[in-house]
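Okay, here's what each chain looks like letter by letter:
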Amino acid sequence: MRKLNSVNDQTIYRDIMSPQDGLETALNFYENNLNNKVVFKDFLSCHTDNVRLSDKELAFQFVIKTSSKSKTKDIQQVTFIQNEREVLFPNNIEFIIQQVNRDTNQVTIAEV
């Protein structure tokens, strides 16, 4: 994965179709932790298209700002479906929770 191009200083997206404890619980968690760090322990697959894949009423979307020295890798050329515009964060990546928009059910986070 080290040989793949990084995705620096970009906005990418991750849709969460079925939040584990429900949408309201998820949004409350991120709202209560604004400006705090959160760690994603698993690899995190995202997309670069500004397209909403999840239901705006029942699900939420991460809007992720990558850093200037991002650990995110562009895996579009090595995935099965190349038009997905997929990028991948390694495991144990840290983000800062910046904003929760309940009108659009979007959570903005920034890579540390």
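Shown above is the structure to which this text applies.
Treat the numbers as computed from the prediction; the structure is a model and nothing was measured.

Student: How would you sum up the nonpolar core? Please name residues and give values.
Tutor: A general tendency of soluble globular proteins is for nonpolar side chains to be buried together. Phe40, Phe60, Phe62, Ile64, Phe95 and Val107 are the most contacted members of the largest nonpolar core, which totals 22 residues. Of all the elements in the fold, those that place two or more residues in this core are strand E1 (11-16), helix H1 (23-32), strand E2 (37-40), strand E3 (44-47), strand E4 (60-65), strand E6 (86-89), strand E7 (93-101) and strand E8 (106-111). Discounting residues that sit within four places of it in the chain, Ile64 has contacts with Gln10, Thr11, Ile12, Arg14, Leu44, Cys46, Phe89, Phe95 and Ile109.

Student: I'd like to hear about the pairing of E6, residue by residue, with values.
Tutor: Every regular strand shows the same layout, with side chains that alternate between the two sheet faces. Residues of E6 alternate between two faces, with Glu86 and Leu88 on one and Val87 and Phe89 on the opposite face, all of them buried. Across four bridges, E3 lies against E6 in antiparallel orientation. The residue bridging Cys46 from the neighbouring strand is Val87, located in E6.

Student: Quick rundown of the packing of aromatic side chains? Include the residues and the values.
Tutor: By the definition in use, this model includes seven aromatic pairs. Each ring, one from Tyr30 and one from Phe60, has its centre 6.0 Å from the other, and the planes form 50°; the classification is tilted. Of the two residues, Tyr30 sits in helix H1 while Phe60 sits in strand E4, which places them 30 residues apart along the sequence. Summarising the aromatic geometry, the rings of Phe40 and Phe62 are spaced 5.5 Å apart at their centres and angled 85° between planes, so their arrangement reads as edge-to-face. Of this pair, Phe40 sits in strand E2 while Phe62 sits in strand E4; the two residues are 22 residues apart in sequence, bridging distant segments of the chain. For Phe40, a relative accessible area of 16% gives the class buried. Taking relative accessible area as the criterion, Phe62 reaches 2% and is therefore assigned buried. An aromatic cluster is present here, built from Phe29, Tyr30, Phe40, Phe60, Phe62, Phe89 and Phe95 joined pairwise through their rings.

What counts as what
Residues numbered from 1 in each chain as written. Predicted model: local features only at pLDDT ≥ 70, side-chain atom pairs only at ≥ 80, totals over all residues. Heavy atoms only, no water. Core = buried A, V, L, I, M, F, W, Y, C linked by side-chain atoms within 4.5 Å. Buried < 20%, exposed > 50% of the residue type's maximum accessible area, 1.4 Å probe, protein only. Helix = DSSP H or I, 4+ residues; strand = E, 2+ residues; numbered from the N terminus. Contact = heavy atoms within 4.5 Å. Pairing = 2+ DSSP bridges. Phe/Tyr/Trp six-rings, centres within 6.5 Å; stacked < 30°, edge-to-face > 60°.

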